[in-house]
Amino acid sequence: MNISKFVGEKIKFFRNKKNITQQEIGEYLGTTSQTVSRYESGILEANQDVLFKLAEYFQVSINDFFPPLNFDNASPFELPKRIVKIPVLGVIKAGVAIEAQENVLEYIDILEDYTHGRKKFYGLKISGDSMYPKYEENDIVIFEQVEDFSNADKNDCAVMVNGYDATFKNVTISESGITLVPFNLNNQDGYQPTFYTKDQIESLTVKIIGIAREKRTRL
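Every chain begins its residue count from 1, and numbering advances along the sequence as written. Local features in a predicted model are, by the rule used here, given only for residues with pLDDT of at least 70; side-chain atom pairs are given and counted only at 80 or more, and totals for whole chains, interfaces and linings are based on all residues. To obtain the side-chain values, all non-hydrogen atoms of the structure were included, while hydrogens and water were left out.

**Some thoughts on the overall build of the protein**
For the protein, the helix and strand inventory stands at five helices and nine strands. For the protein, the succession of helices and strands along the chain, N to C, is α-α-α-α-β-β-β-β-β-β-β-β-α-β. Sequence separation of at least 24 residues holds for 57% of the intrachain contacts in the protein that already meet a minimum separation of 6. In the structure as shown, the protein presents an accessible area of about 13,500 Å², 49% of it carried by carbon and sulfur atoms. Only DSSP runs of H or I reaching four residues or more are called helices, and only runs of E reaching two or more are called strands; each is numbered from the N terminus. Any two residues whose heavy atoms approach within 4.5 Å at even a single point are treated as in contact. Under the convention used here, a 1.4 Å probe and the Shrake-Rupley method define accessible areas, while residue burial counts only the protein chains that appear.

**Considering unusual backbone geometry**
Each neighbour pair has its own omega, and for Y132 with P133 the value is 10°, a cis peptide bond. Along the polypeptide, P133 turns up in the loop between strand 3 (121-125) and strand 4 (140-145). Even without being a glycine, N138 presents a positive backbone phi close to 75°. Looking at the secondary structure, you find N138 in the loop between strand 3 and strand 4. Accessibility here uses a 1.4 Å probe with only protein chains present; expressed as a share of the type maximum, an area under 20% marks a residue as buried, one over 50% as exposed, and anything in between as partly exposed. The partly exposed category is assigned to N138, whose relative accessible area is 41%.

**Some thoughts on the packing of aromatic side chains**
In summary, the pairing rule links any two rings of Phe, Tyr or Trp, Trp by its six-membered ring, whose centres are within 6.5 Å, and it sorts them by plane angle into stacked for under 30 degrees, edge-to-face for over 60 and tilted for everything else. By the definition in use, this model includes ten aromatic pairs. With a centroid separation of 5.7 Å and 75° between ring planes, the pair formed by Y57 and F58 is classed as edge-to-face. Residue Y57 is classed as partly exposed on the basis of its relative accessible area of 25%. Residue classification places F58 among the buried positions, given a relative accessible area of 7%. Chaining the aromatic ring pairs together yields one cluster made of F13, F14, Y28, Y57, F58 and F65. In this scheme, Lys NZ or Arg CZ marks a charge over a ring once it lies within 6 Å of the ring centre and within 35 degrees of the ring normal. For the cation-ring pair, K10 lies above F13, with the distance from its terminal atom to the ring centre recorded as 5.8 Å. Above the plane of the ring of Y28 lies K53, whose end atom (NZ or CZ) is 5.7 Å from the centre.

Okay, structure coming up:
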């Protein structure tokens, strides 16, 4: 079985189910409709980061993009998946490692598979509406812990500004600097994109500390 083609057909299925175009998916992923078309045809393999973002967009599990396991002469069963607990924080204190944060609201479970490659994760409870409607008040967002700008472009990130203020915005990186973009631009509170030059990034200690990988909404 050609896995890339199977995954591509699944992407196309979920896209058609939502009645959206390849261009809309491309804009969400920060790429072109041609790239989305290549994903769907199986010519280009969608990597894990792309599938995580699409799973969130389509509100499905990442496992839904892959074929179910099937064994001849055997009854299907599912092995129990191992889980690990990660802290959910209200705010992030600068200069304090995630593991040492004292303002832990609770702990939540994630699949141990997430942590392969020594990846670390933490959760943040959303406060405010600058990222509405994609994220709402009290949503819990799971972040992959990072220490640099790698892979941050076009992603929703936890960002440390001024060495002590943590904010949650969509990140755009250019040769001249970094722009933090709220989703809720049609608002009464004046949310606007904020741009930092390379000099400001150094002087104000603007630092990416997490990339959003999953959202959990509680009723």
